[in-house]
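A look at the structure
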Amino acid sequence: MYNVPADFINEEKVWKTLENNQRADFSKVRGILAKASEMKGLNMDDVAALMGISDPEMLHLLFETANQVKETIYGKRLVLFAPLYISNLCANECLYCAFRATNKEIVRNALTQEQIAREVKILINQGHKRILMVAGESYPNQGFQYVLDSIKTIYSVKTEHGEVRRVNVNIAPLSTDEFKLLKSAGIGTYQIFQETYHRETYSKVHLGGKKKDYNWRVWSLHRAMEAKIDDVGIGVLFGLFDYRFEILAMMQHIAELEGKFGVGPHTISVPRLEPATGSDIASHPPFAVSDIDFRKIVAILRLAVPYTGIIMSTRETAKMRRETFALGVSQISAGSRTNPGGYSEETEDDPSGQFCLGDHRPLDEVIRDVASMGYIPSFCTACYRLGRTGQDFMDLAKPGDIKLHCAPNALSSFMEYLRNYASAETKEVGLKLIRQSIEEMDGIAKQRAEKLVKRVEEGHDDIYC
Ligand code: SAM
Ligand code: SF4
């Protein structure tokens, strides 16, 4: 089944939908935004119409509605994580990536388990609790077992105050049996980007290796979900093809997963092509997405799939990241390195990195910045550890109940960060924000928050509900 063309990505329907929804007038846009504010999502026609808008007044209304939906569902929380690149070995030929097999300009490296443990210790000592493990598609001699061993190593590292509490992974598509092993290794989210849903473009930019096979990749989340991995993440690499096509095709992918498995993706990532060593296309994206269109993409996704997390990586600059918090972003990486061993090394911009970063600030600085803007940095991993994943998570999230858990948990995990890892300056900003946030809460959420934060202040770690 999984090597046949995926009929749920219907290119003709995408083009037709775009054509039928060109130049929506103000009253139509208002209607769509009114519907969006009910937080029940949007259909392909609605999304196509919103993608066509450029009038400043309409854009303003779009951004305002996205902000309202984001605040209603997520409050002021922003979940923090760090990527951990374990290997840049790769057998594929993705033209945009520095790790592609024939690129001679980078030094190849697959970390040993000891080296992985060293990297993890550094991340824990910075205050991280959530790791996104990343690798190219070629593993050292142990093969796929290398991935499983690495996850085990990450979970095994303990320091005085910390440990990694959730390992998400972004690795090449697996067979259903391999996905089952990945699930038993205790992963949180399995993340994979289709890069482009446009088949012709896909063939042009994936010239060799297993990744050439569009169908193997596009069916991979079906296999993952069949293997009972409840939380899956999707994404498009913006810049390879027309973003309007990509968003509508991604909507088809989401609808397919919702239809088959009762739940859609847990997260959507929005990577834009960044310059990469030895890649021409990465510096000259054929369909570069402008900053204004990028903000539009985030806002439209927030309205189209209101309960799905949106992830913003350090590919983007601090300024762009700040702007998109208000439009719908709910998770960000911080202090990232994209070269294996990058956290143990001194150099920031190692050319062996997968691509160039836009935000180089260390975690403490990002936290201080985020907190000064009134956003609560969260290191919470409660849902996954209490089994609130997939459908259970969505059932809880949809009526807004998640706020009763997420807001108090965000505050207790932030307090844990401040107590154990923050600089004096960040601590001052953070403590003020925690006090203010609790004051603004009421009912059960407030009682919970007060109780959890107090326990952390008394010296307990890992307190959540
Ligand atoms: N190798 C696996 C794969 O390709 O699915 C997983 C890891 S890969 C390192 C993670 C993602 O990085 C890719 O899916 C791609 O979207 C993104 N990426 C690759 N080159 C990039 C670039 N030049 N700029 C931004 N993102 C890039
Ligand atoms: Fe390899 Fe992934 Fe880079 Fe492609 S994107 S070259 S598969 S690491």
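Refer to the structure above for everything that follows.
A few points on the structure. (Residues numbered from 1 in each chain as written. Chains lettered and ligands numbered in written order. Predicted model: local features only at pLDDT ≥ 70, side-chain atom pairs only at ≥ 80, totals over all residues. Heavy atoms only, no water.)

**Thoughts on the site of ligand 1**
The condition is simple: Here a residue is near a molecule or strand as soon as one of its heavy atoms is found within 4 Å of it. Pairs of N or O atoms within 3.5 Å make up the polar contacts considered here, provided that, within protein, one atom can donate a hydrogen while the other can accept it, and that residues adjacent in sequence are counted only when both atoms are side-chain atoms. Here the Shrake-Rupley method, with its probe set to 1.4 Å, supplies the accessible areas, and only the displayed protein chains count as covering residues. Any residue that is not Ala, Val, Leu, Ile, Met, Phe, Trp, Tyr, Cys, Pro, Asp, Glu, Lys or Arg is counted as polar, Gly included; the first ten are nonpolar and the last four charged.
Residues in close proximity to ligand 1 total 22 residues, the closest being Glu195, Lys211, Arg217, Glu274 and Gln354. The side chain of Lys211 places a nitrogen or oxygen atom 2.8 Å from an oxygen atom of ligand 1. Contact between ligand 1 and Glu274: a nitrogen atom at 2.9 Å from a main-chain N or O atom of the residue. Look at ligand 1: alone it shows 560 Å² of surface, and the protein chains cover 97% of it. The residue inventory of the shell around ligand 1, partitioned by class, reads 13 nonpolar, three polar and six charged.

**Section: unusual backbone geometry**
Condition: Labels follow the DSSP assignment, with helices taken as runs of H or I lasting at least four residues and strands as runs of E lasting at least two, numbered in each case from the N terminus. Three labels apply to residues, based on accessible area from a 1.4 Å probe with only protein chains included: buried if under 20% of the type maximum, exposed if over 50%, partly exposed otherwise in between.
In the Ramachandran plot, Lys228 falls in the positive-phi region, its phi being about 70° despite a non-glycine side chain. One can find Lys228 in the loop between helix H10 (220–226) and strand E5 (232–235). Judged by relative accessible area, which is 57%, Lys228 ranks as exposed. Positive phi values are uncommon outside glycine, yet Asp462 reaches one of about 60°. You can see Asp462 is positioned in the segment after helix H20 (443–457).

**Points about the packing of helix H19 (residues 424–440) against H20**
Going by this rule: Orientation is described by axes fitted as lines to C-alpha atoms, over the contacting stretch for helices, and by angles from 0 to 180 degrees between their N-to-C directions. Any angle that is under 35 degrees is reported as roughly parallel, and any over 145 degrees as roughly antiparallel; angles of 65 to 115 degrees are reported as roughly perpendicular and all others as oblique. By convention the crossing between two helices is left-handed if the near helix lies anticlockwise of the far one by an angle smaller than a right angle, and right-handed if it lies clockwise. Contact definition: two residues touch when any of their heavy atoms are within 4.5 Å.
Relative to each other, H19 and H20 sit at 150°, their axes nearing to 9 Å. For the element pair H19 / H20, the angle class is roughly antiparallel. Considering the relative orientation of H19 and H20, their crossing is left-handed. Contact residues: H19 offers Ile434, Ile438 and Glu439, while H20 offers Lys446, Ala449, Glu450 and Val453.

**Observations regarding the nonpolar core**
The line we're drawing: Only buried Ala, Val, Leu, Ile, Met, Phe, Trp, Tyr and Cys residues count toward a nonpolar core, and they belong to the same one when joined by side-chain atoms within 4.5 Å.
Core analysis: the largest hydrophobic core is formed by 138 residues, its most contacted members being Leu62, Ile171, Leu182 and Tyr190. A per-element tally of this core places helix H11 (residues 243–261) first, with nine residues. Residue contacts for Tyr190: discarding those within four places in its chain leaves Val169, Ile171, Ala172, Pro173, Phe179, Leu182, Leu221, Ala224, Ile229, Asp231, Val232 and Gly233. Among the nonpolar cores identified, the runner-up in size contains 21 residues, and Ala98, Phe99, Leu237 and Leu240 belong to it.

**Concerning the side chain of Glu11**
Here Glu11 is to be found in helix H1 (residues 11–20). A distance of 3.0 Å separates a polar atom in the side chain of Glu11 from the backbone nitrogen of Arg199. Not counting residues within four places of it along the chain, the set of residues in contact with Glu11 comprises Tyr197, His198, Arg199 and Phe245.

**Overview of the environment of His405**
Here His405 is to be found in helix H18 (residues 402–420). Spatially, the C-alpha atoms of His405 and Cys383 are 8.7 Å apart, while their sequence positions differ by 22 residues.

**Quick word on the state of the cysteines**
Stated precisely, the cut-off is as follows: Cysteine sulfur atoms that come within 2.5 Å of each other are treated as a disulfide pair.
Counted under the stated rule, the structure contains zero disulfides. Just so you know, Cys380 is unpaired, no disulfide at all, and the nearest cysteine sulfur is the one on Cys383, 6.3 Å from it.

**Some details on the pattern of salt bridges**
Formally: Each salt bridge in this description consists of a side-chain nitrogen of Lys or Arg and a carboxyl oxygen of Asp or Glu lying within 4 Å of one another.
A complete count under the given rule lists 30 salt bridges for this structure. For Asp359, the salt bridge is made with Arg361, and the minimal N-O distance between the two is 2.8 Å. For the pair Asp359 and Arg361, a shared accessibility class is recorded, and that class is buried. With a shortest N-O distance of 2.6 Å, Asp462 and Arg385 are connected by a salt bridge.

**A few points about the site of ligand 2**
Within the structure, ligand 2 sits among Cys90, Asn92, Cys94, Tyr96, Cys97, Phe99, Arg100, Gly136, Lys211 and Gln354. For the shell around ligand 2, a count of residues per class yields five nonpolar, three polar and two charged.

**Here's the deal with the pairing of strand E1 (residues 77–87)**
The cut-off we apply is this: In this description, strands pair whenever DSSP reports at least two bridges between them. Handedness of a crossover is defined as follows: with both strands directed away from the viewer, a clockwise route from the first strand across the helix to the second makes it right-handed.
The element E1 is extensively covered by neighbouring structure, given that eleven of its eleven residues are classed as buried. One ladder, built from three bridges, connects E1 with strand E8 (residues 331–333); its direction is parallel. Within E8, the residue paired with Phe81 across the bridge is Ser333. Sheet topology places E1 next to strand E2 (residues 130–135); five bridges connect them, and they run parallel. Along E2, the bridge assignment pairs Ser87 with Ala135. With respect to chirality, the unit in which E1 leads through helix H5 (residues 113–126) into the neighbouring parallel E2 is right-handed.

**Regarding the pairing of strand E3 (residues 166–170)**
With respect to burial, E3 is a largely interior element, five of its five residues being buried. Judged by which residues are buried, E3 turns out to be covered on both faces: Arg166, Asn168 and Asn170 on one side and Val167 and Val169 on the other are all buried. Across five bridges, the pairing between E2 and E3 is parallel. Paired with Val134 across the two strands is Asn170, which belongs to E3. Taking the sense of rotation as the criterion, the β-α-β connection linking E2, helix H6 (residues 145–156) and E3 turns out right-handed. Summarising the sheet, E3 and strand E4 (residues 187–191) pair through two bridges and their orientation is parallel. Looking across to E4, one finds that Val167 is bridged to Ile187. Note on the crossover from E3 through helix H7 (residues 176–184) to E4: the handedness is right-handed.

**What about the packing of aromatic side chains?**
Selection criterion: Working definition: a ring pair exists when centres of Phe, Tyr or Trp rings (six-membered ring for Trp) sit within 6.5 Å. Plane angles under 30 degrees give stacked, over 60 give edge-to-face, the rest tilted. By the criterion adopted, a ring carries a charge over it if an Arg CZ or a Lys NZ lies within 6 Å of its centre and within 35 degrees of its normal.
One pass over the structure, following the stated rule, counts eleven aromatic pairs. Each ring, one from Tyr417 and one from Tyr421, has its centre 6.0 Å from the other, and the planes form 35°; the classification is tilted. Of the residues examined, Tyr417 reaches a relative accessible area of 2% and is grouped as buried. Grouped by ring-pair contacts, the aromatic residues Trp15, Phe241, Phe245 and Phe287 constitute a single cluster. Here the guanidinium or amino end of Lys76 rests over the ring plane of Tyr375, the centre of that ring lying 4.7 Å away. Positioned above the aromatic ring of Phe294, the side-chain terminus of Arg272 is 4.2 Å from the ring centre.

That's the geometry; what it means functionally is another story.
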